[in-house]
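Fold and contact review
Spelled out from the first residue to the last, the chains are:
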Amino acid sequence: MKSTPLRLRVNGKTIETMVEPNQRLLDFLRDELRLTGVKEGCGVGECGACTVIMNGQAVNSCLVLVGQANGADVLTVEGLAEDGELSPLQQSFIDHGAVHCGFCTPGMVMSAQALLMKNPKPSRSEIKTALSGNLCRCTGYQQIVAAVEGVIKKVGADSAK
Amino acid sequence: MKEFDFVRAGTLSEALEFLAVRHTATRVIAGGTDLMITLRRNDPSWPGPGYILDLTGLDCLRGISREGDRIRIGALTTHTQLAESPLLKDKVPFLSAAAFSVGSPQIRNRGTIGGNIINASPAADTLPPLLALEARCRLVSREGERDVSLTELLTGPYRTSLRPQEILKEVYFQIPGEGTGFSFQKVGRRKALSISRLSVAVLLSLVEGQVGKARVAVGAALANAARLPEVEEFLEGRLLDRDVAQEAGKLAAEKVVEITGRRWSTPYKEPVLLALVRRALLAAGAPQSP
């Protein structure tokens, strides 16, 4: 197995390195970059805990070979806060009690973030569709949907001020 | 995880050259939503591939376009792109609907139509509508291109007639005429992230209620997704009403059981297939069916 060159952007930082070719993007983010907000749940693309945003789209990082991320722009939950301030979406998860055990939270946040990047004013059913690839075993779905709805209203109200 | 070397193709000819030389040791990857799971499965009978050849950098294989009376779809086009394409939603809405029913947003953002075809799962969701459209596939190798119908390409569960040195380049079909009705129906264990237990795609042209052309294809019912010619023949020339739709459903279930034999799942699949075919026919036959 020959290690393979990798160049990509993660949370705004350009990274150039050599990687083992059979690593998943998930392994690279967690083990090499220590971005442990990216969680491994099922490892087969069913649970969404490992969701990151790659080139503007939510993907399961457990189903991406690290070499396939060459040239990509990757955003993880660690990249959302700015200057130590949580993003409005993250704050809304807290305000709505949308975090229970917390294991699904980064994936939920990233799926919601991907939706809002594409569609700043989604309907409730669009929110549910966007989160349909993320499982919460504490089953706190109501609060999670409410958190996403909350940030749309809040951002709308703030920009109207 | 299996061990392998990773090769990212920069151009199509580079990929074809690589396959021409090393096809026996190589697995091709696109969206990876199926292959990644196979690579991680602890299967001692398979040592894994020597090489993984990644096609996702080949933008020339991506995209949906209209060429005269045809639509062509590049093999790397994702399910999200299929589901959102205004052209497909307008001309062949059941293909967009089928693509939208795949997996989850994350899976649809990665999984490709080419992967769905070449992985050849009996339950692959884009296959019944593509079969109903009589889609053809363009296969390419270093030696040149050849076209085969999708029916010829699918040879069994997870098996195709694609040669090891070939890549699926694109799939194309004729745009159905105005007034054609479409429907895709699927039953899964839940709405999101569910593999089809059964699916049906129907394409119908109706003139004053009378069926001109009928195409009926089923997924997850047979060894691979397939058309049911006897059902199509039964429908053609008839006035479509509830009774005819019911009869067609019955015939579809009969034909499928004839091929598969009675299995543990038959008492479930038989009535469900009947109902899905009936529902698909009535939806496709309804005026301005979605």
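Please read all numbers here as calculations on a predicted model, not as lab measurements. (Residues numbered from 1 in each chain as written. Chains lettered and ligands numbered in written order. Predicted model: local features only at pLDDT ≥ 70, side-chain atom pairs only at ≥ 80, totals over all residues. Heavy atoms only, no water.)

So, the layout of surface pockets
With a probe scaled to a water molecule rolled over the atoms, the places where space remains empty come into view. Condition: Here a cavity is any set of points on a 1 Å grid over the protein atoms alone where a 1.4 Å probe fits but cannot get out, and a pocket is any open set with protein on both sides within 12 Å along at least 5 of 7 lines; a residue lines the site when it has an atom within 4 Å of a point. Grid points are joined across faces, edges and corners, and a volume is the space filled by probe spheres set on the points. Runs of H or I in DSSP of at least four residues are treated as helices and runs of E of at least two as strands, each being numbered from the N terminus. Residues were grouped as follows: Ala, Val, Leu, Ile, Met, Phe, Trp, Tyr, Cys and Pro as nonpolar; Asp, Glu, Lys and Arg as charged; and all remaining residues, including Gly, as polar.
When its volume is computed, the second largest pocket comes out at roughly 690 Å³. Taken together, 25 residues line the second largest pocket, and the ones lying closest to its centre are K128, T129 and S132 of chain A together with K191 and A192 of chain B. Where the lining of the second largest pocket is concerned, the elements lending two or more residues are α4 (124–130) and α5 (141–160) of chain A together with β11 (180–187) of chain B. Residue classes in the lining of the second largest pocket are distributed as 10 nonpolar, 9 polar and 6 charged.

Considering the domain arrangement of chain A
Residue and element names in this part refer to chain A. To keep it simple, the criterion reads: Domain start and stop positions are those given by an automatic or database domain assignment. Should any heavy atoms of two residues lie within 4.5 Å, those residues are counted as being in contact. Defined here as a combined quantity, buried area equals the accessible surface (1.4 Å probe) lost by two parts on assembly, summed across both. Salt bridges are defined by distance alone: a side-chain nitrogen of Lys or Arg within 4 Å of a carboxyl oxygen of Asp or Glu.
The domain boundaries assigned to chain A delineate domain 1 (4–79) and domain 2 (88–160). Averaged C-alpha coordinates put domain 1 and domain 2 at centres separated by 21 Å. Counting from both sides, the interface comprises 15 residues of domain 1 and, opposite them, 13 residues of domain 2. Note on domain 1 versus domain 2: buried area summed over both sides is about 1,100 Å², and carbon and sulfur give 68% of it. Looking at the side of domain 1 facing domain 2, the largest losses of area belong to T51, I53 and V77, adding up to 38% of the total buried there. Where domain 1 touches domain 2, the interface holds 0 salt bridges. In terms of residue class, the side of domain 1 that touches domain 2 is built from 6 nonpolar, 6 polar and 3 charged.

Some words on the environment of V38 of chain A
By the secondary structure assignment, V38 of chain A is in the loop between α1 (25–32) and β3 (51–54). Linking V38 of chain A and G71 of chain A, residues 33 residues apart in sequence, is a C-alpha distance of 20 Å.

Overview of unusual backbone geometry
Convention followed: Using a 1.4 Å probe on the protein chains alone, a residue whose accessible area is under 20% of its type maximum counts as buried, one over 50% counts as exposed, and one in between counts as partly exposed.
A positive phi is found at N55 of chain A, a non-glycine position, where the angle reads about 50°. Looking at where N55 of chain A falls in the secondary structure, it is placed in the loop between β3 and β4 (57–60). Even without a glycine there, the phi angle at A220 of chain B is positive, about 60°. Judged by its relative accessible area of 13%, A220 of chain B is buried.

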